[in-house]
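# Analysis of the macromolecular model
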Amino acid sequence: MMISGYAGNVLWIDLTTKKIKRTRLDADLARKFMGGRGLAAKMLFDLLPPKIDPLSPENPLIFATGVLTGCPCPGANRTVIVTKSPLTGIFLDTYAGGHLGPEIKFAGYDVIVIKGRSEKPTYIQILDDVVLFKDATHLWGKDCWETEITIKKEIGDNNARVAVIGPAGENLVKFACVSTDYFHQFGRGGAGAVMGAKNLKGIAVRGTKSLHIAHPEKLIRYLLDKIEWKLTKGPNAEMVKARIRYGTPLTMDFTQAIGILPTRNFQSGQFDEFDEIDCYDFREKFVVADKACYSCNTPCAKFSVVKEGIYKELGLGGPEYETIAMLGPNVGNGRFDLIIKANEICDRLGMDTISTGNVIGFAMECYEKGILTKEECDGLELNFGNMEAAFKLMYKIAYREGIGNILAEGVRQAASKINKGSEKFAMQAKGLEYPAYEPRGSPAFALLYAITDRGACHRRGWPVIIEGKEYKPGTVEGRARLVKELYDNRTILHCIGVCDIPYDVAGIDREDIAQILSAVTGWDVTVEELSLLAERVASLIRAFNVREGIRRVDDTLAWRTLHEPLPSGPNKGQFISEEMLNVMLDQYYQLRGWDVSTGVPLPETLTKLGLDDVCDELKRRGCF
Amino acid sequence: MSRRIIVDARFCTGCRYCEIVCSLFHEKEVNPRKARIMIISNPLKGIDSPKVCHQCANPLCMDVCPQGAIEIDEILKIPVIAEDKCVGCKVCVEACPFGAMFFDLERNIALKCDLCRGDPQCVKFCRALPHIGRAALSYVEE
C-alpha cells in the first residue's frame, strides 16, 4: 500500500556488479522512523557489520529523504547521507538542502543505497525508473562546479539535480564533502571520500512522478493559519525577520557578543578584528539576493558578490555562519572578501569549510608555536591571518601534497602524526573537527560536542540564546536536560526530512509537526510518538557506535577545552573541567536510559523503544 | 476587469512553493512538473525567475490553437484551456512569448494558469521578504 508523503521505494545500486534493484519501502519502518536519519541509521545498522573500513566497497552510501521531503511543508528539502565516516570511523549523517531530496522523491524513491566500487570513474544517472551507469573518466579531476555544469550539459537536462565530489573526494581527503546545487554541501564527516573510494563522481536525478498528500486542504489551512502566524506575528516573528535578512551570518554577532566565536584555533572566544565581518557589513556590502531551498518560507541563503578588490565579481551562494567563522576568526582573518574566496576554493575542491578552517587553524597554531617549521610547511608562512598561504594550503590538502597530505587526514590524525604537544589543541571530538562555537563559554555546547553520535556537531541543538538567558554561566546546571530536549527536537526534524532552521527560529514545535505529519500521511501522529521517535533514533545510533567500540570514555572533548581557561572576553577564566563534563554525562546517560559507567544503552531501554533486534545484536556481540 | 499575476523576479528566492501548491491545487498531488507556473533558475548567478501566464488581452496562444481549445472564461475574462478539446499539439507552448504555457506529458495536454479561479494559491505562498516588504508574485484585479 502506498503511504502518503513517501515515494514508496528503495533503490539499491551496486557499483561493482552494475546491478540495480528496487524494493518497496517497508511500511512498519516508515512509521517507526519517519525516514531520514532514523530510517537510514536502521538500514546502516542492519547492512554494515562492525569494524569495516569506511573506504571499502562494503560501506554503503545511503541517500535518504524523509517523509516530508518534497511536500509543501516548511523547509521540506533535506536529504541525508548516512554512511560510516572515514574521518571518525563511526556513524555519520550529513545533510544538504537545495532541491536534490525532492527530486529523489519525484523519481519515486525515498532512499538510494549505493554499495560496491566501480572499476572506473562513474556517475549514475537516474530518471524515474531508468538508472544508467555513465563513464566519468573525463570528469575525474574536475572541481564540483565544473562537474555539475558538465553533467547537466551531458545529460541534456538543466533541471536535473546533481550531487558530486571534487578533487578532495577523489583523493580521499577525510573531510571531503558532497556538493549539490553548487552551493549546498553534505559537508561533514567525509561522505565525499566514501564516494571517491567507490569511484563515484556523482549522481544526477530527475523525477516526474507525484507525491500524494492525504489531507491537502487541512495541510494548506494549517500552513496559512498557524504557521504563517508563527512566522509573522508570533513571539519569534522578529527573530524570523532577522534570520531572513541576515541569514546564518546573524549568528556572528551573537557568538562574538557572548564570547563563543572561535578565534585563532579556539584559543579565544572573541575576535579583535571583528569590525568588518559582522552580519550588517555582510548584508550591506556583499548580499545581492535572498535565496531559499525547496519549499522554504524562511529564505536564509544569501547570494553574495565581492564588489571590489582582487576578487571583484566573485559570486556564490553563502557564505554561511560556520564558513565565515572557521575561515575568518578561526584562522585570524578579518576580511570578508577573503572569506568568500576561501569559501569558493573549498566548494570547488569539495572540502567541508568547517573542517578545513579547523585544520588550517590548527596548522597555523603549530607554525606560530614552532611545532611546524616553514620547511615542514612546504615554504608556506602559516601565520594566523595569512590567507594567501591558507589558500595554497587548501589545494595542498585536496591534492594531498606535502603538509597537505598530513592535514587531509583530519585534525585528530594530523596531531598524532605531528605530535610535540599539538594534540592539546587538536580541536575535535570523536575525530570530527569542532564547528564554530567555542565550548568553554557554553557548557551546553560542550556537552553537545561530547555526546553527539557523529562527533563535535553544531546541528544537534542551538543553545546559544536560551543558555545565556536561563542557565547559570560557569556551571553545568540543567544542561543535560536542555541538551537532550534540543537534541530530540532536531532528531525529529532530521528524520522527517526538513531543515531545522524554520522550525527552531519560528518556534514550530512538536505539536505543529504532529499536525503537519498527520495531514500529509493520514496517520494520527501524536507528540508522544514523536518524542519516542527521537529517543529511539538516539539509542539506535548509539548502539551502532557501541558496536564499533565507542564507550563513555570516548564522549570527551579536546584537551584545551578541558584544561585551558579562556584568556579573555565575557567568559574569561572558564573551561569545562573533567568534573563538569562527568556530571553532565552522568545526567545525560540517565535521561537516555544508558549505562552510566559505560555509556551503552541498557537492554530495557532498547526493548522499550522497539529495538529488540538491536538489543539482540549487541548481546550477540558482547557489548553489554 | 483584468486579472493577472505580476512577477518581480528580484524578490524570487527560488523556493518553488508556487510550483508546489499550484500542482497540489490543480492536480491534487505534489508535482512541480505539472504546475502552471515555473521558476527558471541560474543558480551560479543567484537568479530565479517565475514564468506564469500574463493573461494577455489578445492571447497568441488562443490565436494559434488549431482546436479552439483556448477560450475566454466567462467569469474571469481570462483565456483558459478546455481540456477536452486540447489534443496536445503544443503550438500554444511554442507561441507564448513569455514561455508561460506548460505541458503535461502524462495527460498530453497544455497547462495554463487559470488564477485558481480567482484565488491564486501561488501568490498566497509567495511570502514577502520581511526586510523589503515585497514578494516576487502579486495578484492584481483592475
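Residues numbered from 1 in each chain as written. Chains lettered and ligands numbered in written order. Predicted model: local features only at pLDDT ≥ 70, side-chain atom pairs only at ≥ 80, totals over all residues.

### Details of the overall build of chain B
- Across its full length, chain B holds 4 helices and 8 strands.
- Reading the helices (α) and strands (β) of chain B from amino to carboxyl end gives β-α-β-β-α-β-β-α-β-β-α-β.
- A compact globule built from 142 residues would reach a C-alpha radius of gyration of about 14 Å, and chain B, at 15 Å, matches this within 12%.
- With 142 residues in all, chain B has 44% of them scored as buried. (Helix = DSSP H or I, 4+ residues; strand = E, 2+ residues; numbered from the N terminus. Rg over C-alpha atoms; globule rule 2.2 N^0.38 Å. Buried ≥ 20, exposed ≤ 12 C-beta atoms within 10 Å, placed from the backbone.)

### Things to note about the sheet that holds strand β15 (residues 315-317) of chain A
Residue and element names in this part refer to chain A.
- Read across the sheet, 3 strands follow the order β13-β14-β15 without closing on themselves; strand pairing throughout is antiparallel. Only two strands of the sheet have a single neighbouring strand rather than two, namely β13 (287-291) and β15. Averaged over all adjacent pairs, the angle separating strand axes in this sheet is 15°, with direction ignored.
- Two elements, strand β14 (residues 301-305) and β15, share 3 bridges in a ladder whose sense is antiparallel. Pairing of Phe303 across the sheet is with Gly317, part of β15. (Pairing = 2+ DSSP bridges. Axes fitted to C-alpha atoms, helices over the stretch in contact; angles between N-to-C directions.)

### Quick notes on unusual backbone geometry
- Pro319 of chain A follows Gly318 of chain A through a cis peptide bond whose omega is -10°.
- Looking at the secondary structure, you find Pro319 of chain A in the loop between β15 and α11 (321-327).
- A positive phi angle, close to 60°, is found at Lys77 of chain B, a residue other than glycine.
- Among the secondary structure elements, Lys77 of chain B is positioned in the loop between β4 (70-72) and β5 (79-81).
- Within the chain, Arg117 of chain B stands out as a residue other than glycine whose phi angle is a positive 60°.
- Positionally, Arg117 of chain B belongs in the loop between β7 (109-111) and α4 (121-125).
- In this structure Arg117 of chain B comes out as exposed when scored by C-beta crowding, with 11 C-beta atoms within 10 Å.

### Some words on the domain arrangement of chain A
Residue and element names in this part refer to chain A.
- Per the domain assignment, the segments of chain A are domain 1 (9-206), domain 2 (247-433) and domain 3 (439-620).
- The C-alpha-based centres of domain 2 and domain 3 are spaced at 26 Å.
- Elements represented by at least two residues in the side of domain 2 that touches domain 3 include exactly α9 (250-258), β16 (428-429) and β17 (432-433).
- When residues of the side of domain 2 that touches domain 3 are assigned to their parent elements, the largest contribution, 3 residues, is made by α9.
- Taken together, the residues of the side of domain 2 that touches domain 3 break down into 12 nonpolar, 9 polar and 5 charged. (Domains from an automatic or database assignment. Nonpolar A, V, L, I, M, F, W, Y, C, P; charged D, E, K, R; others polar.)

### Quick word on helix α2 (residues 36-47) of chain A
- For α2 of chain A, built from 12 residues, the straight-helix expectation of 16 Å at 1.5 Å per residue is met to within 8% by its first-to-last C-alpha distance of 16 Å.
- Every buried residue of α2 of chain A is accounted for by Gly36, Arg37, Gly38, Leu39, Ala40, Ala41, Lys42, Met43 and Leu44 of chain A. (Expected span 1.5 Å × (residues − 1).)

### A look at the interface of chain B and chain A
- Each partner contributes residues to the interface: chain B has 22 residues there, and chain A has 29 residues.
- Top contributing element to the side of chain B that touches chain A by residue count: helix α1 (residues 17-27) of chain B, with 5 residues.
- Here the side of chain B that touches chain A is built from residues that sort into 10 nonpolar, 5 polar and 7 charged. (Contact = placed C-beta atoms within 7 Å.)

### Regarding the sheet that holds strand β2 (residues 19-24) of chain A
Residue and element names in this part refer to chain A.
- An order of β2-β1-β6-β3-β4-β5 is seen for the 6 strands of this open sheet, with the pairing classed as mixed. Here the strands that pair on one side only, and so sit at the sheet edges, are β2 and β5 (91-96). For this sheet the average axis-to-axis angle between neighbouring strands, irrespective of direction, equals 15°.
- Bridge count for strand β1 (residues 9-14) against strand β6 (residues 111-115) is 5 bridges, and the pairing is parallel. Looking at the pairing, Asp14 lines up with Lys115 of β6.

### Structural notes on the nonpolar core
- Ranked by size, the top nonpolar core spans 255 residues in total, and within it Ala40, Ile62, Val111, Met351, Ala363, Leu447 and Val520 of chain A carry the most contacts.
- In contact with Val111 of chain A, not counting residues within four places along its chain, are Val10, Leu39, Ala40, Ile62, Phe63 and Ala64 of chain A. (Core = buried A, V, L, I, M, F, W, Y, C linked by C-beta atoms within 7 Å.)

### Overview of the environment of Lys90 of chain B
Residues and elements named next belong to chain B.
- Turning to its location among the elements, Lys90 is positioned in the loop between β5 and α3 (91-95).
- Of the residues examined, Lys90 has 14 C-beta atoms within 10 Å and is grouped as partly exposed.
- A sequence separation of 12 residues divides Lys90 from Phe102, and the C-alpha atoms of the two residues are 8.8 Å apart.

### Notes on helix α26 (residues 612-620) of chain A
All names here are of chain A.
- Along α26, the residues that are buried comprise Val614, Cys615 and Leu618. Mapping the buried residues of α26 onto a view down its axis gives an arc of 100°, with all of them on the same face. Looking at α26, the residues exposed on the side facing more than 90 degrees away from the buried face are Asp612, Asp613, Lys619 and Arg620.
- Elements that come into contact with the buried residues of α26 comprise α2, α22 (527-547) and α25 (603-608). (Arc of directions from axis to C-beta.)

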